[in-house]
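# Remarks on the overall topology
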Amino acid sequence: MEHNFVRFLHSRFGAMSMMAIAIIAVVVSYCLGNIEDLPGDTGLWLPSANDWMTPGIASMFVNVLLNVLVAGMLVLLNKWFNVLRTMSDLGAGVFLIMQMSEPSLMGQFYGGTLMCFIVLFSTIVLYCTYNQPYPRQPIFLIFLLLTVGTMTQYAYIAYIPIFLLGCAQMRIFGWKTLMAAIIGVITPIWIMVGFGFVSFSSLEVPHYVNIFSALDSHDALHIISVAAITGVLAIVMSILNLLKVFNYNSKMRAYNGFLLVLSVVTTLMVVIDYTNLSIYIPLLNCCTAFQVGHFFALNRSKRSYIAILSVILIYVALYCWSLT
């Protein structure tokens, strides 16, 4: 019986059940008027994604869809590259439960969800280049996406050097790779300036908006608690998984090593750039959910469901707190 329940939590049906719970919870929060508008125009040239859509049901639908797509990409990441070395969709379900815990971040379209989607998509593209002789087009695409993202949200800047490091981890770093990355950075700027959409004189220092000044003490304490718990969980799970990753072959070490670096950097950015906290939380949740899924995929004892449910219940409790 216990083995069957553990198998269910790792299965696609388990992930879909968690997805259904998360979507229902966000819809309930929306109906209760519990979705707080997220302020902040933090783009260098273009308006932030926070301003692309007016708050409402359409914004919620688009953001929930993006979250589901991110969960789907976590499944594909393992299916295509065997990162976990076993089949498990637990991480995808846990990601949606984590997102549910802060309804304001899942119940409206904003820059954090978009950044999570772009970074994870770029990660999949990067993995496709492992040990390839001349992967110029994929590298160009990655850095083009990150640069366009930077125009709308300065937080993307932190991930440009991370993906350069990722090129080295994928054993493709060289002059041609570096040139592809540089051209990828230059191209969107060149196009935007060339067509007159922006100019160098219009480059602005981001308007730093302290999210805590825009939220009441209850909401501020809640989002800090969500970030703190997820950050600690990310670090603990990453360390535990690292002990196993050392025994993998070089390809699996490269894949898991990049995700580990991504997890650590995102956790650090939450602390360093705390006034822009909400932008990093979806990606932090994504990285943490992957590490959680990885740990429990490697440790499938018949009682592991207790620990899995404990993690889920923590975020359910955080969601219930948001309703008070």
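Everything below is about the structure shown above.
About the criteria used
Residues numbered from 1 in each chain as written. Predicted model: local features only at pLDDT ≥ 70, side-chain atom pairs only at ≥ 80, totals over all residues. Heavy atoms only, no water. Core = buried A, V, L, I, M, F, W, Y, C linked by side-chain atoms within 4.5 Å. Buried < 20%, exposed > 50% of the residue type's maximum accessible area, 1.4 Å probe, protein only. Helix = DSSP H or I, 4+ residues; strand = E, 2+ residues; numbered from the N terminus. Contact = heavy atoms within 4.5 Å. Lys, Arg positive; Asp, Glu negative; His and termini not counted. Salt bridge = Lys/Arg side-chain N within 4 Å of Asp/Glu carboxyl O. Expected span 1.5 Å × (residues − 1). Axes fitted to C-alpha atoms, helices over the stretch in contact; angles between N-to-C directions. Parallel < 35°, antiparallel > 145°, perpendicular 65-115°, else oblique. Left-handed = near helix turned anticlockwise from the far one by under 90°. Polar contact = N/O pair within 3.5 Å; in protein donor to acceptor, adjacent residues only side chain to side chain. Patch = residues over 30% accessible without salt bridge, like charges linked within 9 Å, V, L, I, M, F, W, Y side chains within 5 Å. Areas by Shrake-Rupley, 256 points an atom, 1.4 Å probe, with all protein chains shown as cover.

### Remarks on the nonpolar core
Counting residues in hydrophobic clusters, the biggest one holds 96 residues, and the most contacted among them are F95, M115, Y127, I139, Y159, F163 and M170. The element best represented in this core is helix α13 (residues 277-298), accounting for 13 residues. Filtering out sequence-adjacent residues up to four positions away, F95 remains in contact with N67, V70, A71, L74, C116, P282, N285, C286 and A289.

### With respect to the environment of L164
Turning to its location among the elements, L164 is positioned in helix α8 (residues 159-169). With a relative accessible area of 26%, L164 lands in the partly exposed category. The sequence separation of L164 and L178 amounts to 14 residues, and the corresponding C-alpha distance is 8.0 Å. Once residues within four sequence positions are removed from consideration, L164 is found in contact with F143, F173, L178 and A181.

### Here we look at the side chain of E102
Within the secondary structure, E102 sits in the loop between α4 (90-100) and α5 (103-106). Of the side chains with opposite charge, R12 lies nearest to the buried E102, which makes no salt bridge, at 29 Å. Excluding its chain neighbours within four sequence positions, the residues that come into contact with E102 are H222, I223 and V226.

### Some details on α13
Helix length check: α13, at 22 residues, gives a terminal C-alpha distance of 31 Å against a target of 32 Å (1.5 Å per residue), a fit within 8%. In terms of burial, α13 is a largely internal element, 20 of the 22 residues being buried.

### Here we look at the pattern of salt bridges
Where charged atoms from two side chains of opposite charge come close, those side chains can pair. In this structure the tally under the stated criterion is 2 salt bridges. Residue E2 is joined to R303 by a salt bridge in which the shortest nitrogen-to-oxygen separation is 2.7 Å. Pair noted here: E2 is in helix α1 (residues 2-10) and R303 is in the loop between α13 and α14 (304-323), with a separation of 301 residues, a long-range link. The class of R303 is partly exposed, set by a relative accessible area of 48%. Linking R12 and D89 is a salt bridge whose minimum nitrogen-to-oxygen distance equals 3.9 Å. Of this pair, R12 sits in helix α2 (residues 12-31) while D89 sits in the loop between α3 (57-81) and α4; the two residues are 77 residues apart in sequence, bridging distant segments of the chain. On the accessibility criterion, R12 (52% relative accessible area) is exposed. Taking relative accessible area as the criterion, D89 reaches 8% and is therefore assigned buried.

### Some details on the packing of α2 against α4
Contact pair α2 / α4: the axes reach a minimum separation of 8 Å and the direction vectors enclose 10 degrees. In terms of orientation, α2 and α4 fall into the roughly parallel class. Considering only the axes of α2 and α4, their crossing is left-handed. Between α2, through A15, M18, M19, I21, A22 and A25, and α4, the contact on the second element is made entirely by L90, G93, V94, L96, I97 and M100.

### Some words on the side chain of N78
Along the chain, N78 falls in helix α3. A distance of 3.2 Å separates a polar atom in the side chain of N78 from the backbone nitrogen of V83. The contact partners of N78, leaving out residues within four places of it in the chain, are V83, L84, R85, T86, M87 and S88.

### With respect to a nonpolar patch on the surface
A grouping of M179, I182, I183, I186 and W190 is seen on the molecular surface, where their side chains present a nonpolar patch of about 520 Å² in accessible area. Of note, W190 is situated in helix α9 (residues 175-194).

### Details of unusual backbone geometry
The backbone phi angle of N82 is positive, close to 55 degrees, even though this residue is not glycine. Tracing the backbone shows N82 in the loop between α3 and α4. The class for N82 is partly exposed, based on a relative accessible area of 36%.

All we've got here are geometric facts, nothing functional implied.
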